[in-house]
Amino acid sequence: MIVKKKLKIILLAIPSLGKSYRYELLKRLSQFPVKVMELPSIENIIDGRVSIDDVRNVQVEDILGRETAKPVDDLLYKNVKKKNILITGAGGSIGSELSRQILRLEPDLVVLYDHSEYNLYNIHHELSQIQSKVKIIPVLASIHNRFKIEKVFEEYNINTVYHAAAYKHVPMVETNACDGVWNNIIGTYTLATRASIYNVDSFILISTDKAVRPTNLMGATKRFAELVVQSLVSENQTMKTCM
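Here is what the cut-offs are and how they apply
Every residue gets a number counted from 1 within its own chain, in the order that chain's sequence is written. In keeping with the model being predicted, local features are shown solely for residues with a pLDDT of at least 70 and side-chain atom pairs are shown and tallied solely at 80 or more, while totals for entire chains, interfaces and linings include all residues. By convention in this description, side-chain values take in all heavy atoms of the structure and omit both hydrogens and water. Two rings belonging to Phe, Tyr or Trp (six-membered ring only in the last case) form a pair when the distance between their centres is within 6.5 Å. Interplanar angles under 30 degrees mark stacking, angles over 60 mark edge-to-face geometry, and anything in between is tilted. Only runs of H or I of at least four residues qualify as helices and only runs of E of at least two qualify as strands under DSSP, and these elements are numbered from the N terminus. Partly exposed residues are those whose accessible area sits between 20% and 50% of the maximum for their type, while under 20% is buried and over 50% is exposed, using a 1.4 Å probe and protein chains only. Only lysine NZ and arginine CZ atoms are considered, and such an atom sits over a ring when it is within 6 Å of the ring centre and within 35 degrees of the ring normal. The reported arc concerns the directions from the helix axis to the C-beta atoms and nothing else. In this analysis, two residues are considered to be in contact whenever any of their non-hydrogen atoms come within 4.5 Å of each other. Note that His is not counted, nor are the chain ends; the positive residues are Lys and Arg, and the negative ones are Asp and Glu. For this document, the term salt bridge refers to a Lys or Arg side-chain nitrogen within 4 Å of an Asp or Glu carboxyl oxygen. Here a polar contact is taken to be a pair of N or O atoms separated by no more than 3.5 Å, where protein atoms must pair a possible hydrogen donor with a possible acceptor and residues adjacent in sequence count only if both atoms sit in side chains. We define the nonpolar core as a collection of buried residues of types Ala, Val, Leu, Ile, Met, Phe, Trp, Tyr and Cys that are connected through side-chain atoms lying within 4.5 Å of one another.

Draft legend 1. Summary view of the packing of aromatic side chains. All told, the structure shown has one aromatic pair when counted by the stated rule. Between Phe153 and Tyr198, the aromatic rings sit 5.7 Å apart at their centres with planes inclined by 35°, giving tilted as the arrangement. One end of the pair, Phe153, is in helix 7 (residues 146-156); the other, Tyr198, is in the loop between helix 9 (177-197) and strand 8 (202-205), with 45 residues separating them in the sequence. Judged by its relative accessible area of 4%, Phe153 falls in the buried class. In this structure Tyr198 comes out as partly exposed when scored by relative accessible area, which is 28%. Stacked on the ring of Tyr77, the Lys or Arg Lys81 has its end atom at 5.5 Å from the ring centre.

Structure below.
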């Protein structure tokens, strides 16, 4: 029906639907390019907290399959507050959101590192509009430029690295295999080794669920990147950097 009628919106009008059935239904509908909206629960209608007119969008939490885990503020602040932060791939979909969240955690300085001029400009411009005392430094360079990376570590005394720079689109990496391997694996190795040399406190690799028993090249490169970081730690017992 979705294909035949070219549906754009589906209204889930079963407020008394059990939690498990509701989850399964939403999970199946999430496979299609349609917007799903639903009526509030029957309990909320009866209690008078909402009316039948309060149709709402389905949230991502509705198809998570478990209760959402609330962030622990102490853990979030631990590696960020009053520290100098380097975010690679800062202009990408993941890196840009990381940048927004990290800025709220009161670091002293944030280095936005990206090889895309357009993406770097956008995230730097956006963060610069926020009233904050945090110093924001945009660096236009590739993670393969080890000389630039070393200069960043030296000049800004980086405490924490969030490594989000990677090619993440499965079909694109399949089509450009060599570049995917070069960027995701060798790039991670270059950055992680420099982080350990300069005794960065923490190095966080942003991986992907596709690295778990990977069935595609992109997932395999990210799994390889995980192994690179793990091997650096296992081979250097005196390393001061937590990876």
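Draft legend 2. Structural detail: helix 5 (residues 93-103). Regarding helix 5, the residues found buried are Gly95, Ser96, Leu98, Ser99, Ile102 and Leu103. Looking straight down helix 5, one finds that the buried residues subtend no more than 160° of arc, so they occupy a single side. Buried residues belonging to helix 5 abut strand 4 (84-88), strand 5 (109-114), helix 6 (117-128), strand 6 (135-140) and strand 7 (160-163).

Draft legend 3. Quick look at the side chain of Lys222. Mapped onto the elements of the fold, Lys222 is located in helix 10 (residues 217-235). One buried charged residue, Lys222, remains without a salt bridge, the closest side chain of opposite sign being Glu226 at 7.6 Å. A polar atom in the side chain of Lys222 sits 2.9 Å from the backbone oxygen of Ile206. If near-sequence neighbours (up to four positions away) are discounted, Lys222 is found in contact with Ala166, Asn184, Leu205, Ile206, Ser207, Thr208 and Ala211.

Draft legend 4. Focus on unusual backbone geometry. Although it is not a glycine, Glu106 adopts a positive phi angle of roughly 60°. Within the secondary structure, Glu106 is located in the loop between helix 5 and strand 5. One non-glycine residue, Asn157, lies in positive phi territory at about 50°. In this fold, Asn157 is placed in the loop between helix 7 and strand 7. Note on Asn157: relative accessible area 52%, which makes it exposed.

Draft legend 5. Local environment of the nonpolar core. Grouped together as the largest cluster of nonpolar side chains are 27 residues, with contacts concentrated most on Leu86, Val111 and Phe153. Elements with a minimum of two residues in this core: strand 5, strand 6, helix 7, helix 9, strand 8 and helix 10. Not counting chain neighbours up to four residues away, the residues in contact with Leu86 comprise Val111, Tyr113, Val152, Phe153, Ile158, Thr160, Val161, Tyr162 and Leu191. Val80, Leu98, Leu127 and Ile136 belong to the second-largest nonpolar core, a separate cluster that totals 18 residues.

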